[in-house]
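# Structural overview
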Amino acid sequence: GLATIGVVQTAYANGGSTAYLKTLGDCVRTAYAKTGVKHLHHVAVTRFDVSVYFEANGHGAVLFSPRAVAQLRHLAEKESATDGEKASLGPAQRLLLYADGLINQAVGDAF
């Protein structure tokens, strides 16, 4: 299946953001981690293919697993296929692929 998408928060997260994320249903999952970027990062990379994590102080990052990027690129390549195996990216998938090209995962919020 397509990549899992999730948001990782700490216990100090804004209750409003948590309530909003729950209204999204299964398309965006939520997880909790201990305070500290190292804990948030660990949960993000082990639980989701595309993840966002942040602390109440604003530190955080967006991460894309190699599996998610490979899936999105494979679909993008199939858009131009001429052998009958045509496929296409949906708007959300295309946005994720573009975001992966824009976000520097190595620096997180330090950019």
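Residues numbered from 1 in each chain as written. Predicted model: local features only at pLDDT ≥ 70, side-chain atom pairs only at ≥ 80, totals over all residues. Heavy atoms only, no water.

## So, the environment of Arg29
Worth spelling out the cut-off: Counting from the N terminus, the helices are the DSSP runs of H or I reaching at least four residues and the strands are the DSSP runs of E reaching at least two. Pairs of residues are marked as contacts when any of their non-hydrogen atoms sit within 4.5 Å.
Relative to the assigned elements, Arg29 resides in strand β2 (residues 29-32). Linking Arg29 and Arg47, residues 18 residues apart in sequence, is a C-alpha distance of 9.7 Å. If we skip the residues at most four places from it in the chain, Arg29 touches Thr4, Ile5, Gly6, Val7 and Phe48.

## Re the pattern of salt bridges
Rule in force here: What makes a salt bridge here is a side-chain nitrogen of Lys or Arg within 4 Å of a carboxyl oxygen of Asp or Glu, nothing more. The buried label goes to any residue with under 20% of its type's maximum accessible area, the exposed label to any with over 50%, and the partly exposed label to all in between, with areas taken from a 1.4 Å probe on protein chains only.
The full count for this structure, using the stated rule, is two salt bridges. In this structure, Arg67 and Asp49 form a salt bridge, with 2.8 Å as the shortest nitrogen-oxygen distance. Pair noted here: Arg67 is in helix α3 (residues 66-79) and Asp49 is in the loop between α2 (37-47) and β3 (50-54), with a separation of 18 residues, a long-range link. The class of Arg67 is partly exposed, set by a relative accessible area of 40%. Residue Asp49 is classed as buried on the basis of its relative accessible area, which comes to 10%. Notably, a salt bridge pairs Asp100 with Arg73, separated by 3.7 Å at the nearest N-O pair. A residue pair is termed long-range when its members are at least 10 positions apart, and Asp100 in helix α4 (residues 91-102) and Arg73 in helix α3 qualify at 27 residues. Judged by relative accessible area, Asp100 falls into the buried class, the value being 13%.

## Structural notes on the confidence of the model for the protein
Formally: One number per residue, pLDDT, summarises how confident the predictor is, and it ranges from 0 to 100.
With 88% of its residues at a pLDDT of 70 or more, the protein has an overall mean of 83. Within the protein, the lowest mean pLDDT, 83, falls on α4, and the highest, 93, falls on strand β1 (residues 5-9).

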